[in-house]
Amino acid sequence: MQLSEITAWLREDAPARLAELWRRADDTRQQHVGGQVHLRGLIEISNHCVRLCGYCGLRAPNAWLVRYRMSEGEILDCVRNAVALGYGTVVLQSGEDPGIEAAWMASLVRRIKRDTPLAVTLSLGERSDDDLATWREAGADRYLLRFETSNRRLYEQIHPARPGDPRDRLAILATIRRLGYEVGSGVMVGIPGQTYEDLAGDLRLFGELDLDMIGVGPYLEHPNTPLADPAQRPTAPDGQQVPATELMTYKVIALARLVCPKANIPATTALATLNRESGRELGLVRGANVVMPNLTPPQYRRLYEIYPDKACLAETGEACHYCLTARIEGLGRDPGAGRGDSPNYATRNT
Ligand code: SAM
Ligand code: SF4
């Protein structure tokens, strides 16, 4: 798709035209990844973070947040729960936490791979090439790292580099690919200062990176962050700011499906936070094919506050599971069996 065509879809508001976009995305999803909805058990293993991301409540300077790091035993209990609930994948996610030592993590991954049939997805931030290689050797299958925005200037404003550590997320994504992981990335929709052209560029970059997994969700303001302060918030020229809305997020999911037909694309919790009633379902009929039930123990879940009022904060893993499977079946779709590997990855590696 040409950049101008993507931009035109992002600006489209006519209901009949949007119905056409949803139909195209849903047909493409059915044709390339089928009707199954894959369930990934999400475990938020630590909310410690050394980064200064201007948008995120876990950022290091947020002194209001009580920090936690789960023990190996606690994580393995959640992993056993994932197996009992019939999931094919666990996603281990955290802030960028040097307290998660590479060798400790490798031993945990080895243990999960030895004792269960699960695929393991890691989302632990910008770790060194050595750490990423160690975890891949231990058996980790996939790595998620959103590039957040393809506009370099905006990226540097909202995601300051750590002193002495100039690595950027695109370079790390290249390393992740070279190491043989399934590669996942994505962006937030409606970041202050993000223009329609920026977002169209993000979608084009999804295609250029040939992503196996794409996570997109609306930007949701957290009061204890620089982006919540009008004096520090980047701005876009008049008429060019992308709104952080539910509708815009559906457009980005649908266009991501058209750009990367074989990728696994979740209907995210951030989307469900904007529309608790039917946000996930609408994502699933507009291009998405994955949901991520939260298996984090409730006492930690409320502390993993990247933005306020997150959907499904109080539910147990079981409650999340039954709610999500009922929603999937309500759409006439089936919860996926097996690991739900990315067909895009499989195609590239045959
Ligand atoms: N620390 C790891 C990282 O940054 O890749 C993984 C965890 S981080 C919380 C996962 C994602 O949450 C980020 O990539 C970002 O897109 C998203 N996120 C952070 N703050 C957000 C906010 N205020 N609104 C919406 N999404 C947010
Ligand atoms: Fe840390 Fe990730 Fe939040 Fe940035 S987005 S502050 S790296 S948890």
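Structure: see above.
A few points about the overall build of the chain
From N to C terminus, the chain includes 14 helices and seven strands. By the compact-globule yardstick of 20 Å for 350 residues, the chain fits well, its C-alpha radius of gyration being 19 Å. Summarising its shape, the C-alpha atoms of the chain cover approximately 50 × 45 × 40 Å along the three principal directions. The buried share of the chain, reckoned over its 350 residues, is 57%. For the chain, contacts bridging at least 24 residues in sequence account for 79% of all contacts bridging at least 6. Total accessible area on the chain is roughly 13,900 Å²; 52% of this is exposed by carbon and sulfur atoms. With 41 positive and 44 negative side-chain charges, the chain shows a spacing of 2 Å between the two charge centroids.

What to know about the packing of aromatic side chains
This model, assessed by the stated rule, comprises four aromatic pairs. Measuring from centroid to centroid gives 4.6 Å for Tyr-68 and Tyr-300, while their planes differ by 20 degrees, and the two rings are stacked. Separated by 232 residues along the polypeptide, Tyr-68 in the loop between strand S1 (38-46) and helix H3 (72-84) and Tyr-300 in helix H12 (residues 298-301) bring together distant segments of the chain. Grouping residues by exposure puts Tyr-68 and Tyr-300 together as buried. Against the face of Tyr-196 rests Arg-11, its NZ or CZ located 4.0 Å from the ring centre. For Arg-136, the ring lying beneath its charged end belongs to Tyr-181, and the centroid distance is 5.6 Å.

Comments concerning the site of ligand 1
Around ligand 1 lies a shell of 19 residues, among which Tyr-55, Ser-94, Arg-146, Glu-148 and Leu-220 are the nearest. In the model, a nitrogen atom of ligand 1 is placed 3.0 Å from a nitrogen or oxygen of the Ser-94 main chain. At 2.6 Å, a side-chain N or O of Glu-148 approaches an oxygen atom of ligand 1. Here ligand 1 loses 93% of its free accessible area of 550 Å² to cover by the protein chains. The residue inventory of the shell around ligand 1, partitioned by class, reads 10 nonpolar, five polar and four charged.

Quick notes on the nonpolar core
Core analysis: the biggest nonpolar cluster contains 91 residues, and Leu-10, Leu-92, Met-105, Leu-122, Trp-135 and Phe-206 have the highest contact counts within it. The leading source of residues in this core is helix H9 (residues 246-259), at eight residues. Ignoring sequence-local partners within four residues, the contact set of Trp-135 consists of Ala-102, Met-105, Ala-106, Val-109, Leu-122, Leu-124, Arg-127, Ala-140, Tyr-143 and Tyr-181.

Side note on empty space enclosed by the protein
Counted under the stated rule, the structure contains two cavities of 30 Å³ or more. In this structure, the second largest cavity encloses a volume near 60 Å³. Contributing to the lining of the second largest cavity are Phe-147, Thr-149, Ser-150, Asn-151, Arg-152, Tyr-155, Asp-168, Leu-170 and Leu-205. Grouping the constituent residues of the lining of the second largest cavity by class yields four nonpolar, three polar and two charged.

Comments concerning the pairing of S1
Among the nine residues of S1, nine are classified as buried, and the element is accordingly described as predominantly covered. Bridge analysis of S1 against strand S7 (residues 290-291) gives two bridges, and the strand direction is parallel. Paired with Leu-39 across the strands is Val-291, a residue of S7. Across six bridges, the pairing between S1 and strand S2 (residues 89-94) is parallel.

Quick word on the environment of Leu-85
Residue placement: Leu-85 occurs in the loop between H3 and S2. When near neighbours in sequence (up to four residues on either side) are disregarded, Leu-85 contacts Leu-295, Gly-317, His-321 and Tyr-322.

Here we look at unusual backbone geometry
One non-glycine residue with positive phi stands out, namely Glu-148, at about 70 degrees. Mapping Glu-148 onto the fold places it in the loop between strand S4 (142-144) and helix H6 (152-158). Phi is positive for Asp-210, which is not a glycine, with a value near 50 degrees. By the secondary structure assignment, Asp-210 is in the loop between helix H8 (196-209) and strand S6 (213-218). Looking at Asp-210, the relative accessible area reads 28%, which means it is partly exposed.

Quick word on helix H7 (residues 169-178)
Within H7, burial applies to Arg-169, Ile-172, Leu-173, Thr-175 and Ile-176. Buried residues along H7 cover an arc of 160 degrees about the axis, so they all sit on one side. Tucked into the core, H7 has its buried residues touching helix H5 (129-138), S4, H6, strand S5 (182-189) and H8. With a side-chain oxygen lying 3.1 Å from the backbone nitrogen of Leu-170, the N-terminal cap of H7 falls on Asp-168. Gly-180 lies just past H7 and shows a positive phi near 95 degrees.

What counts as what
- Residues numbered from 1 in each chain as written.
- Chains lettered and ligands numbered in written order.
- Predicted model: local features only at pLDDT ≥ 70, side-chain atom pairs only at ≥ 80, totals over all residues.
- Heavy atoms only, no water.
- Helix = DSSP H or I, 4+ residues; strand = E, 2+ residues; numbered from the N terminus.
- Rg over C-alpha atoms; globule rule 2.2 N^0.38 Å.
- Buried < 20%, exposed > 50% of the residue type's maximum accessible area, 1.4 Å probe, protein only.
- Contact = heavy atoms within 4.5 Å.
- Areas by Shrake-Rupley, 256 points an atom, 1.4 Å probe, with all protein chains shown as cover.
- Lys, Arg positive; Asp, Glu negative; His and termini not counted.
- Charge placed at Lys NZ, Arg CZ, Asp CG, Glu CD.
- Phe/Tyr/Trp six-rings, centres within 6.5 Å; stacked < 30°, edge-to-face > 60°.
- Lys NZ or Arg CZ within 6 Å of the ring centre and 35° of its normal.
- Near = heavy atom within 4 Å.
- Polar contact = N/O pair within 3.5 Å; in protein donor to acceptor, adjacent residues only side chain to side chain.
- Nonpolar A, V, L, I, M, F, W, Y, C, P; charged D, E, K, R; others polar.
- Core = buried A, V, L, I, M, F, W, Y, C linked by side-chain atoms within 4.5 Å.
- 1 Å grid on protein atoms, 1.4 Å probe; cavity = no way out; pocket = protein on both sides within 12 Å on 5 of 7 lines; lining within 4 Å.
- Points joined across faces, edges and corners; volume = space filled by probe spheres on them.
- Pairing = 2+ DSSP bridges.
- Arc of directions from axis to C-beta.

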